[in-house]
Amino acid sequence: MHTLFQTNFFGTVRITQEVIRKMKQHKLGRVIFVSSIVGVKPFVFGEFYAATNFAIEGLIGCLTPLMRTFNISITSVQPGPVKTEFHTNISENQQGSFSTVDEVHDTETKALIEDIFGKYMVSNAQEWQLGRGY
């Protein structure tokens, strides 16, 4: 969890501070943040990842009106679900959540959770593709 926040949130903050410092001097610029749709619409088993993205979205919300006074615009890009090994990688590094599917030893419960998780992601992916994700 600590590493996830250091990378996703505090890393973003450090880079943003440096970039904005230069943009303020020029009184012009655009900062583009790439977070995730889970920063506004979380998913099961993604508590810590969602928390880092909620933090980034909060930062964006606070910076946007302030940066306008320096002629700096803020853009937030929030990609949705993409089929990757993300969940597996997070689970292997023990940074995913309070309770992951991998921690469940009862095969019946594990199957139920995987079924719910899969249906949830498919449902949300369809909503996002239709433009109704929020």
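Residues numbered from 1 in each chain as written. Predicted model: local features only at pLDDT ≥ 70, side-chain atom pairs only at ≥ 80, totals over all residues. Heavy atoms only, no water.

Trainee: Help me out: how do you make sense of a nonpolar patch on the surface in this one?
Mentor: Among the surface-exposed residues, Ile-32, Val-34 and Val-77 lie close enough to one another that they form a single nonpolar patch of about 260 Å² accessible area. Since its relative accessible area comes to 57%, Val-34 is described here as exposed. (Patch = residues over 30% accessible without salt bridge, like charges linked within 9 Å, V, L, I, M, F, W, Y side chains within 5 Å. Areas by Shrake-Rupley, 256 points an atom, 1.4 Å probe, with all protein chains shown as cover. Salt bridge = Lys/Arg side-chain N within 4 Å of Asp/Glu carboxyl O. Buried < 20%, exposed > 50% of the residue type's maximum accessible area, 1.4 Å probe, protein only.)

Trainee: Would you mind going over the packing of aromatic side chains with me for this structure?
Mentor: Across all of its chains, the model carries one aromatic pair by this definition. Pairing Phe-9 with Phe-10 gives two aromatic rings, centres 5.1 Å apart and planes at 70°, and the pair type is edge-to-face. Here Lys-24 stacks its cationic end above the ring of Phe-70, 4.7 Å away from the centre of that ring. (Phe/Tyr/Trp six-rings, centres within 6.5 Å; stacked < 30°, edge-to-face > 60°. Lys NZ or Arg CZ within 6 Å of the ring centre and 35° of its normal.)

Trainee: Would you mind going over the packing of helix 1 (residues 2–26) against helix 2 (residues 47–68) with me for this structure?
Mentor: To characterise two packed helices, one gives the angle between the axes of the helices and the distance between these axes. Between helix 1 and helix 2, the least distance of the axes is 9 Å, while the angle of their chain directions is 15°. As judged from the angle between their axes, helix 1 and helix 2 are roughly parallel. The two elements helix 1 and helix 2 cross, and the hand of that crossing is right-handed. Within the contact between the two elements, helix 1 uses Leu-4, Phe-5, Asn-8, Phe-9, Thr-12, Val-13, Thr-16, Ile-20 and Lys-24 and helix 2 uses Phe-48, Tyr-49, Ala-51, Thr-52, Ala-55, Ile-56, Leu-59, Leu-63 and Met-67. Classifying every residue of the contact of helix 1 with helix 2 by side-chain character gives 13 nonpolar, four polar and one charged. (Axes fitted to C-alpha atoms, helices over the stretch in contact; angles between N-to-C directions. Helix = DSSP H or I, 4+ residues; strand = E, 2+ residues; numbered from the N terminus. Parallel < 35°, antiparallel > 145°, perpendicular 65-115°, else oblique. Left-handed = near helix turned anticlockwise from the far one by under 90°. Contact = heavy atoms within 4.5 Å. Nonpolar A, V, L, I, M, F, W, Y, C, P; charged D, E, K, R; others polar.)

Function cannot be inferred from these measures alone, as they are strictly geometric.
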